[in-house]
Amino acid sequence: MMDLMRPTSRTLTYLAIAALGAAAQTPALAQEKSSRALEEVVVTAQKREEKLSDVPVAVTAINADQIDAAFANNLEGLQTMAPSVSFRKGNTTRNSALTIRGIGTISFSVAAEPSVSTVVDNVVLGRSGQAFADLYDLQRIEVLRGPQGTLFGKNASAGVVNMTTKRPGEEFGGYVEAQLYQDNEFILKANVNGPLSESVRGSLTVLDKQFDGYLTNVFNGEKTNGYDRQGLRAMLDFDVADDMSILMIAESYDAEDDCCADVEMLPSGRHPNSTALPNSNGVVNGVPDIDLDQRLVDHDLTTRTSDSHSAFSVQVDKGLGDFNLTSITAYRTWDNTEIREGDFTSTAGDQPVPVNFSTVPFQLHDVGPQEWRQISQELRIASPTGQTHEYQVGAFWWNLQSERNFTRDASCQNNGGQLDQAMTWYANENLTGAALDTALADIGAYTASLGVTCNANDIVSATAYMTTEFDNFAVFGDGKFNVSDTMRILYGLRYTSDDVSYTHRRRSNDEYGRRAVGVRPATENTNFAGSTDETNVSGKLGVQWDISEDSMMYVTASQGYKGPGYNVYYNMAANGNDSRPISEETSESYEIGYKFTSGSLMFNAALFQMDISDFQANNADCSDGTCITRLTNAGEVSTSGIEIDFTWRPIDALTLIGGLSSITAEIDKFNCPIGAVNCSTRSGLPVPFAPELKYSLMAEYLIPMNTMDVILNGSFVHMDEQIAGLPNNAGVLDPAAYMPEYDMVNASISFSFDNDRYRLSLIGKNLTDERYVTTYSGDGFRYQVPRDAERYFGLAIKASF
C-alpha cells in the first residue's frame, strides 16, 4: 500500500542537484536588474524582521497576494501551499489538528497540548482549534518547520504556524470584497484603515460568511456541512514617542456551523434500508473500496459546532538606547460547543428490544460545551543588529484554564448482565432491611416490578464535568556570533517550567444508574483530581555560512519539548492508566539548509532528521479488559526527508511558486501496555497524516491591456496516499484508514481596472473534479469529506479605495 522505505539517499541526491543547479545560476542572476526582480520577502521567524533569505530556519512564507490569489479562507485551504503541512479534520474545530513533517498530536483529551504551535500577531494560541477559524486580512503566514522551542516555546516541538494580520496604513484606504460560489456560499469582507491623527493609525475589518452546505441529509432533505460566521478585528497603532509605539488589537468571531458530519463511505451495515448507502464493496483484499462520490448522510441529529472567540492584545515596542524592548500582553477566550451524531443513522434507538451490535443498532448522541480562558505575557530585549554579537533574551508566562461538560445520550446496554448490576446498586441506594434483602434475592423480579427495561429505545445519559489548568513560565535567549563577514555561530537556550492540573466529575443522569453504549453506570461515577509538573532545558546550536552574496547554507542541531498532560476525557476512570500523568515529549532535530536569492529566483532547500522520544499519541490499550485508544507516551518515532520551495519570475509577466516535501515519518519503537498480549514494537510502520510525497506549483500570468489588466492564476497540488491512524498493538494497520492520493487543480482569471482599484475574478476550484477524503474517523466506515473534494465555481468582486 505505502512505500515505507527511507528516502534518505534519494533526498540527499535531490538536495545536491538542486543546490548545485541554483548555485550555477548565481553569476548570471546576480547581474540581473530588470523588472523581473522579485520583491524582498520579510519575515519574523526569529521574532525580529529579517529577509527570508537571511533566516537560518526552514520557513515557507505565504504573502498576502498568494493568500488572496488562492481564495483560501482558512488553514485547511492553505495547507496545499505549504507541502510539509497536513491537516486532520475532526467533527469540530477542537478535534482538528495540524501536523508538520508528519508530526502532530491527535487527541480528544482536554489536558493535552499540540505539537504544532499556532501564533497570531505574536500571541501563542493555547489550542490549534483556535486557529481553524476564518483567516482574513492577513499580511503573511510563515510555516516554520522543525523544533522552534527556543523562541516560540513548548508547543513548537514539531513547528510553528506564524500568522500576521495587516497593520493600519499611513494613508486612508480600504476595500470591500464579495465572493459568491455555487450552493449558496457567500463571503463578504470589508476594511477601512488610515491615520486618525499625526501619531495614531487605525483599522477595522469585518467578515460575514454563509453557506448552505455540500452534503445532503436524506433524513430531512436538508443540506448540511454549511456555516454562518461573522468576524470583526480592530487595531490602533500609536506612535507614543520617537522610540516607542503601542499596537492594540481587539477581535471578535462567532460561528454556527452545521458541520462536520462523518460520511459513510464504506458499508457499515447499521441501516441497510437507507437511501444514503455507499456504492462500495467494503475492504477487498486489504484495499478499501471507498465511495469517493458519496455526498449523502442519514442522520436524525445534525452534527453542529458553535464557536465564539474574543481576543485583546497590547504590544509595546520601546527603544532603550541601541536596544529594543518588546512587551506583548494578551487575553483570549474561546467557547466551543460540539453537538455530534455518534450512531450515524436515523433509526438507531427506535426498537423496544435489547441492543445487539450486529442486528439491533444503538443511539449515541453527544453534546459538549467547553470554555477556554487564556492570558499571556512576553517580555524580550533585542540587541542592535550589525554587531559581532546579536541576540535576544526574554521571559514568557502563560496561563490557560478550561471548563468542559460533556453529556452522552445513548441506548441502554445489557449484553452482559449490566442491568442486574445497575438495579443492585439502585436497590442498595433506595431500600433497607427486609425490602432490600427481598430485592437482592431476586433482582430480576424486583426490576420487573418497577417496569424497568434496558432496550435500544431506553435512552440513558451521563454528564462529565472537567476542568484543566496549564501554567507555563520560561526564560530564553537566542542569538548569533558573527565570526567573520561570511560565517556566524547560532545558538539558543530555553528553560521551561510547566504545571498541569485537572478535575473530573462524572454523574449518571439515569434514575436507575444504568449503563448505556459508551455511557458509564452510576457505580462508576467519578470525583477526582490530579496534577503534575515538569521543567526542561532545551537548546539550539548551529553554523551559518554565506557561500556568496546571493546564497548561504546553515547546519543546526535543536531540541524540542512538549509539556506533560493527562488523558482527561468523558469516560475517564478514577484509577489505572487514565489517571497517570503523561510525561513530556522531547525531540532532537538535525537540519542542513540552503538558500539562494538573486534577481528573478528565490530557492530554498532543507534536509532534516528528527527523533522524538515519549511521543504523545493515542495508543491501543486492552489492559483494562476493554480495547480502547488511550493517550499515552506511545514510544519513539522519527521523521526525515527533504523540502524544497522556490519562487521564479522567468519573464516579466509570469511568476511561478512551487514546493516539494519528500518525508518518511515512522515508528521506531512503541511501548506495549501492561498486560498486553500479541504486542509488537511496530517498528517501521508509518505515523498518521504524513504523506511521503507532496508537491505544489502555482503560476500567475499578467496580461496588460489598454483599459485593464488580465491576471491568470492556476495551481496544482499532489498529495500522496496517507494513513489516518496508528497500528494496533499487533502492528496491524486498519485498511480503512488508508486515504488515497489525489491531485488538485485550481484556477482563476481576474480583470483589474484603474490600477487595481476594482477587480473582478472568476474562480474555479478542483477543475478536474478529483474526489478525495481528508480524514478517516473510525468504525471501519466513517470519513470526512472537504468542500474542495468536488468541482465548483465562484465569482469575486473587490473595490479598493
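Criteria and thresholds
- Residues numbered from 1 in each chain as written.
- Predicted model: local features only at pLDDT ≥ 70, side-chain atom pairs only at ≥ 80, totals over all residues.
- Heavy atoms only, no water.
- Helix = DSSP H or I, 4+ residues; strand = E, 2+ residues; numbered from the N terminus.
- Buried < 20%, exposed > 50% of the residue type's maximum accessible area, 1.4 Å probe, protein only.
- Contact = heavy atoms within 4.5 Å.
- Disulfide = S-S within 2.5 Å.
- 1 Å grid on protein atoms, 1.4 Å probe; cavity = no way out; pocket = protein on both sides within 12 Å on 5 of 7 lines; lining within 4 Å.
- Points joined across faces, edges and corners; volume = space filled by probe spheres on them.
- Nonpolar A, V, L, I, M, F, W, Y, C, P; charged D, E, K, R; others polar.
- pLDDT = per-residue confidence, 0-100.
- Salt bridge = Lys/Arg side-chain N within 4 Å of Asp/Glu carboxyl O.
- Expected span 1.5 Å × (residues − 1).
- Pairing = 2+ DSSP bridges.
- Axes fitted to C-alpha atoms, helices over the stretch in contact; angles between N-to-C directions.
- Parallel < 35°, antiparallel > 145°, perpendicular 65-115°, else oblique.
- Phe/Tyr/Trp six-rings, centres within 6.5 Å; stacked < 30°, edge-to-face > 60°.
- Lys NZ or Arg CZ within 6 Å of the ring centre and 35° of its normal.
- Patch = residues over 30% accessible without salt bridge, like charges linked within 9 Å, V, L, I, M, F, W, Y side chains within 5 Å.
- Areas by Shrake-Rupley, 256 points an atom, 1.4 Å probe, with all protein chains shown as cover.
- Lys, Arg positive; Asp, Glu negative; His and termini not counted.
- Charge placed at Lys NZ, Arg CZ, Asp CG, Glu CD.

> Could you clarify how one ought to interpret the overall build of the chain in this entry?
Secondary structure assignment for the chain yields eight helices and 41 strands. Projected onto its principal axes, the C-alpha coordinates of the chain cover approximately 100 × 60 × 55 Å. Across the 801 residues in the chain, those meeting the buried criterion constitute 56%. Put simply, of all contacts in the chain between residues at least 6 apart along the chain, 70% involve residues at least 24 apart.

> Just checking my understanding: could you explain the state of the cysteines for this structure?
Disulfides are covalent bonds that connect the sulfur atoms of two cysteines. Applying the stated criterion to the full structure yields three disulfides. Disulfide partner of Cys259: Cys260, at an S-S distance of 1.9 Å. The chirality of the disulfide connecting Cys259 with Cys260 is right-handed, given an S-S dihedral of about 80°. In this pair, the class of Cys259 matches that of Cys260, namely buried. Across a sulfur-sulfur distance of 2.1 Å, Cys672 and Cys679 are joined as a disulfide pair.

> Is there a simple way to think about empty space enclosed by the protein in this case?
Considering all chains together, one arrives at 16 cavities of 30 Å³ or more under this definition. Arg94, Ser96, Thr105, Ser107 and Arg127 are, among the 24 residues lining the largest cavity, the residues nearest its centre. Among the residues forming the lining of the largest cavity, the class breakdown is 10 nonpolar, 11 polar and three charged.

> I keep staring at the confidence of the model for the chain and nothing clicks. Help me out?
Detailed reading of predicted coordinates is not advised where the pLDDT is low. Mean pLDDT over the chain stands at 90; residues scoring 70 or higher make up 94%. Taken together, the stretch residues 1-33 has pLDDT below 50 and engages in 62 contacts with residues farther than four places along the chain or on a different chain. Of the regions scoring below 50 in pLDDT, residues 622-627 engages in eight contacts with residues more than four places distant in sequence or in other chains.

> Just checking my understanding: could you explain the pattern of salt bridges for this structure?
Working definition: two side chains of opposite charge can pair if their charged atoms are close together. Across all of its chains, the model carries 38 salt bridges by this definition. With its nearest N and O atoms 3.2 Å apart, the salt bridge here joins Lys318 to Asp243. Here Lys318 is found in strand S21 (residues 304-320), whereas its partner Asp243 is found in the loop between strand S15 (226-241) and strand S16 (244-258), with 75 residues between them in sequence. For Lys318, a relative accessible area of 25% puts it in the partly exposed group. One salt bridge connects Arg520 with Glu524, and the closest N-O pair in it is separated by 3.1 Å.

> Help me understand helix H6 (residues 418-430) in this model?
Structural remark: α-helix, 3.6 residues per turn; residues separated by three or four positions point the same way. For H6, which comprises 13 residues, the first-to-last C-alpha distance of 19 Å matches the rise-based estimate of 18 Å (1.5 Å per residue) to within 8%. Those residues of H6 that fall on the buried side of the exposure criterion are Gln418, Leu419, Ala422, Met423, Tyr426 and Ala427. Packing partners of the buried residues in H6 comprise helix H7 (433-441) and helix H8 (443-449).

> Quick question: what am I supposed to make of the sheet that holds strand S40 (residues 782-784) here?
Paired through backbone hydrogen bonds, the strands of a sheet run either parallel or antiparallel to each other. Read from one edge of the open sheet, three strands run S17-S40-S39, paired in antiparallel fashion. Pairing within the sheet leaves two strands with one partner each, and these edge strands are strand S17 (263-264) and strand S39 (775-778). Of the strand pairs in this sheet, S17 and S40 are connected by two bridges, and their pairing is antiparallel. If you follow Val263 over to S40, its bridge partner there is Tyr783.

> Please explain the packing of H6 against H7 as it appears in this structure.
The description of two packed helices rests on the angle between their axes and on the distance between the axes. Orientation of H6 relative to H7, taken along the N-to-C sense of each, is 175°, at an axis distance of 9 Å. Put simply, H6 runs roughly antiparallel to H7. Facing Thr424, Ala427 and Asn428 of H6, the residues of H7 in contact are Leu436, Ala439 and Leu440. Residue classes in the contact of H6 with H7 are distributed as four nonpolar, two polar and no charged.

> For this particular structure, what's the right way to read the packing of aromatic side chains?
Note on aromatic pairs: each is described by the distance of the centres and the angle between the planes. Applying the stated criterion across every chain yields a total of 17 aromatic pairs. Through pairs of rings, three or more aromatic residues link up here, namely Phe211, Tyr214 and Tyr227. A cation over an aromatic ring shows up here: Arg101 above the ring of Phe608, its NZ or CZ 3.9 Å from the ring centre.

> Quick question: what am I supposed to make of the pairing of strand S6 (residues 116-120) here?
Burial analysis of S6 places five of its five residues in the buried class, which makes it a mostly covered element. Judged by which residues are buried, S6 turns out to be covered on both faces: Val116, Thr118 and Val120 on one side and Ser117 and Val119 on the other are all buried. Across five bridges, the pairing between S6 and strand S9 (residues 159-165) is parallel. Counterpart to Ser117 in the pairing with S9 is Val160. Of the pairings in the sheet, the one linking S6 to strand S7 (residues 123-124) comprises two bridges and is antiparallel in character. Bridge assignment links Val119 to a residue of S7, and that residue is Val124.

> Help me understand unusual backbone geometry, please; the structure alone is not making it clear to me.
Leave glycine aside and you will find that most residues have negative phi; peptide bonds, for their part, are mostly trans. Look at the link from Cys259 to Cys260: it is a cis peptide, with omega at 10°. Positionally, Cys260 belongs in the loop between S16 and S17. We note that Phe71 has phi near 50°; this positive angle belongs to a residue other than glycine. The residue Phe71 is located in the loop between helix H3 (64-70) and helix H4 (75-78) in this model. With a phi close to 55°, Arg101 is a non-glycine residue in the positive phi region. Within the fold, Arg101 resides in the loop between strand S5 (97-100) and S6. The exposure class assigned to Arg101 is buried, which follows from its relative accessible area of 1%.

> Help me out: how do you make sense of the pairing of S39 in this one?
Looking along a regular strand, one sees side chains alternate from face to face of the sheet. Here S39 pairs with S40 via three bridges, running antiparallel. The residue of S40 that forms the bridge with Tyr776 is Tyr783. In sequence, S39 turns back onto S40 through a hairpin of three residues, with Asp779 there showing a positive phi of about 65°.

> Is there a simple way to think about the sheet that holds S6 in this case?
The strand order across the open sheet formed by five strands is S3-S8-S9-S6-S7, and the pairing between neighbours is mixed. Of all strands in the sheet, those with a lone pairing partner are strand S3 (59-63) and S7, marking the two edges.

> Help me out: how do you make sense of a negative patch on the surface in this one?
A surface patch of negative charge is lined by Glu588, Asp611, Asp614 and Glu636. With respect to the secondary-structure elements, Glu588 resides in strand S29 (residues 585-598). Assessed through its relative accessible area of 39%, Glu588 is described here as partly exposed.

> What is the right way to read the environment of Arg757 from this model?
Among the structural elements, Arg757 can be located in the loop between strand S37 (742-753) and strand S38 (758-765). Expressed as a C-alpha distance, the spacing of Arg757 and Lys798, which sit 41 residues apart in the sequence, is 7.9 Å. The residues touching Arg757, leaving out its near neighbours within four places in the chain, are Lys798, Ala799 and Ser800.

> Help me out: how do you make sense of the side chain of Asp317 in this one?
Structurally, the position occupied by Asp317 is in strand S21. There is no salt bridge for the buried Asp317, and the closest opposite charge comes from Arg380, which lies 6.0 Å off by N-O distance. Beyond its immediate sequence surroundings of up to four residues, Asp317 is in contact with Asp243, Met244, Ser245, Asn324, Leu325 and Thr326.

> Any chance you could explain the environment of Thr164 here in plain terms?
Checked against the element boundaries, Thr164 lands in strand S9. In sequence terms Thr164 and Gln392 are 228 residues apart; their C-alpha atoms lie 20 Å from each other. Beyond its immediate chain neighbours, meaning those up to four positions away, Thr164 contacts Thr44, Asp121, Leu138, Gln139 and Arg140.

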